[in-house]
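Inside the fold
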Amino acid sequence: MYLETPRLVIRSFAISDIPQYAKIVSDPRVTRDLADGLPHRYKEAENYIRDCMRRDEATGVARYAVVRKSEGDLIGFCGFKELDDYIDFGWRYAQHAWSQGYGTEAALAVLDYGVRALRLRNITVTTFTANVASLRIIRKLGFSRALEGEHHGRRTVRYDQQEPPNNALQRTRQRRRAVERGR
Ligand SMILES: CC(C)(COP(=O)(O)OP(=O)(O)OC[C@H]1O[C@@H](n2cnc3c(N)ncnc32)[C@H](O)[C@@H]1OP(=O)(O)O)[C@@H](O)C(=O)NCCC(=O)NCCS
């Protein structure tokens, strides 16, 4: 997988990304709003990237590396994870790269790639309600609020991808044609 935005290269992960990714997630500020909130150890980070690569090779549905064009450095990931009945969409960046619009830039491009190239449906994003920056990104994706929950004693909210209006229209037309044929 490879795509470019004005400031970013978004591509498949490689083994050589592991040390930089491990550095990013060793920072408690980065992991504060993830799962149990604890920083990740090197081995955990390595397993995560290896899992991303396995998924990418198997189906193409994966978290992807996000690299700054200006510096050529890995700043984090954006992408998908196939779960039992939906596709989780997520992102994670080094603290020094926050608040510069990279999160939004990558999310919009990767969502477009997922929908058009991978033809994904049932994409969802789950975040802690305290994660204001993620909520702001989600708002720009046009997802709709679906489900509230709790994880490790903190409030979460899940947002679902809205069906593209064309699909809804297409199905209404198909239904109408089927009814007409049945008359
Ligand atoms: C959440 C995260 C991905 C946001 O990435 P980012 O590159 O900073 O996002 P952007 O710069 O595109 O900013 C998105 C919006 O959030 C706002 N924002 C950014 N950092 C913020 C902060 N610390 N507090 C409040 N708002 C913030 C921006 O102003 C922007 O809002 P706007 O477009 O309405 O002006 C990043 O903070 C991160 O990696 N956090 C750690 C991992 C994480 O929490 N992942 C998500 C789990 S659901």
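Shown above is the structure to which this text applies.
All residue numbers refer to positions counted from 1 along the written sequence of the respective chain. Local features in this predicted model are restricted to residues whose pLDDT is 70 or higher, and side-chain atom pairs enter the listing and the counts only when it is 80 or higher, whereas totals over whole chains, interfaces and linings include all residues.

1. Let's talk about the sheet that holds strand β5 (residues 87–93)
The pairing of strands in a sheet happens through backbone hydrogen bonds and is either parallel or antiparallel. Any two strands between which DSSP finds at least two bridges are classified as paired. Under the scheme used here, helices are H or I runs from DSSP no shorter than 4 residues and strands are E runs no shorter than 2 residues, and both carry numbers assigned from the N terminus. Spatial strand order, β1-β2-β3-β4-β5-β6-β8-β7: eight strands in an open sheet with mixed pairing. Here the strands that pair on one side only, and so sit at the sheet edges, are β1 (2–4) and β7 (144–151). Strand after strand, the sheet turns through a mean of 25° between neighbouring axes, direction not considered. Lines are fitted to the C-alpha atoms to define the axes, a helix being fitted only along its stretch in contact, and any angle between axes, read from their N-to-C directions, falls within 0 to 180 degrees.

2. What to know about the site of the ligand
In this entry, near means the residue's backbone-placed C-beta atom lies within 6 Å of the molecule or strand. Taken together, 22 residues are adjacent to the ligand, and Trp 98, Gly 103, Thr 104, Ala 133 and Arg 136 come closest. Breaking the shell around the ligand down by element, the ones donating at least two residues are β5, α4 (102–116) and α5 (132–141). It is α5 that contributes the most residues to the shell around the ligand, five residues altogether.

3. A short note on the pairing of β7
Neighbour density around each residue's C-beta defines its exposure: 20 or more other C-beta atoms within 10 Å make it buried, 12 or fewer make it exposed, and counts between make it partly exposed, where C-beta atoms are placed from the backbone. By the criterion of burial, β7 is predominantly exposed, with just zero of the eight residues buried. In terms of strand pairing, β7 meets strand β8 (residues 154–160) through seven bridges, oriented antiparallel. Considered in β8, the bridge of His 151 is made with Arg 154. Once β7 ends, the chain turns through two residues before running back antiparallel as β8, passing His 152 with a positive phi of about 50°.

4. Section: unusual backbone geometry
Peptide bonds are, in most cases, trans, and in most cases residues other than glycine have a negative phi. Phi angles above zero are rare outside glycine, and Ser 99 is one such case at about 60°. Of note, Ser 99 is situated in the loop between β5 and α4. Its identity is not glycine, yet Asn 122 carries a phi of approximately 60°, on the positive side. By the secondary structure assignment, Asn 122 is in the loop between α4 and β6 (123–128).

5. Observations concerning the nonpolar core
A set of buried Ala, Val, Leu, Ile, Met, Phe, Trp, Tyr and Cys residues, joined through C-beta atoms within 7 Å, is what we mean by a nonpolar core. Formed by 34 residues in total, the largest nonpolar core has its most connected members in Tyr 64, Val 66, Cys 78, Ala 106 and Val 110. If you tally residues by element for this core, the top one is α4, at six residues. Apart from the residues within four sequence positions on either side, Val 110 is in contact with Ile 10, Tyr 64, Cys 78 and Gly 79. Whether two residues are in contact depends on their C-beta atoms, placed from the backbone: they are in contact if these lie within 7 Å.

6. Here we look at the packing of α4 against α5
In the contact formed by α4 and α5, the axes pass within 10 Å of each other and the chain directions differ by 40°. Looking at the two axes, α4 sits oblique to α5. For the pair α4 and α5, the sense of crossing is right-handed. Contact residues: α4 offers Gly 103, Thr 104, Ala 107, Leu 108 and Leu 111, while α5 offers Ala 133, Ile 137, Lys 140 and Leu 141. In this scheme, roughly parallel covers angles under 35 degrees and roughly antiparallel covers those over 145, while 65 to 115 is roughly perpendicular and the rest are oblique. Note: crossing handedness is left-handed where the near helix turns anticlockwise from the far helix by less than a right angle, and right-handed where it turns clockwise.

7. Quick look at the pairing of β5
In this structure, strand β4 (residues 74–82) lies alongside β5, joined through seven bridges in antiparallel fashion. Across the sheet, Gly 79 pairs through a bridge with Gly 90, a residue of β5. Count of turn residues in the β4/β5 antiparallel hairpin: four residues. Judged from the two bridges that link them, β5 and β6 form a sheet pairing that is parallel. If you follow Asp 88 over to β6, its bridge partner there is Thr 124. Here is how to tell: hold the view so the strands point away, follow the path from the first strand over the helix to the second, and if it runs clockwise the crossover is right-handed. The β-α-β motif built from β5, the intervening α4 and the parallel element β6 has right-handed crossover chirality.

8. Some words on α5
Listed in full, the buried residues belonging to α5 are Ser 134, Ile 137 and Ile 138. Relative to the axis of α5, the buried residues are bounded by an arc of 100° and lie together on one face. Among the exposed residues of α5, those oriented more than 90 degrees off its buried face are Val 132, Arg 136, Arg 139 and Lys 140. Backbone geometry just after α5 places Gly 142 at a positive phi near 80°. Each direction from the helix axis to a C-beta atom contributes to the arc, which is the arc of those directions.

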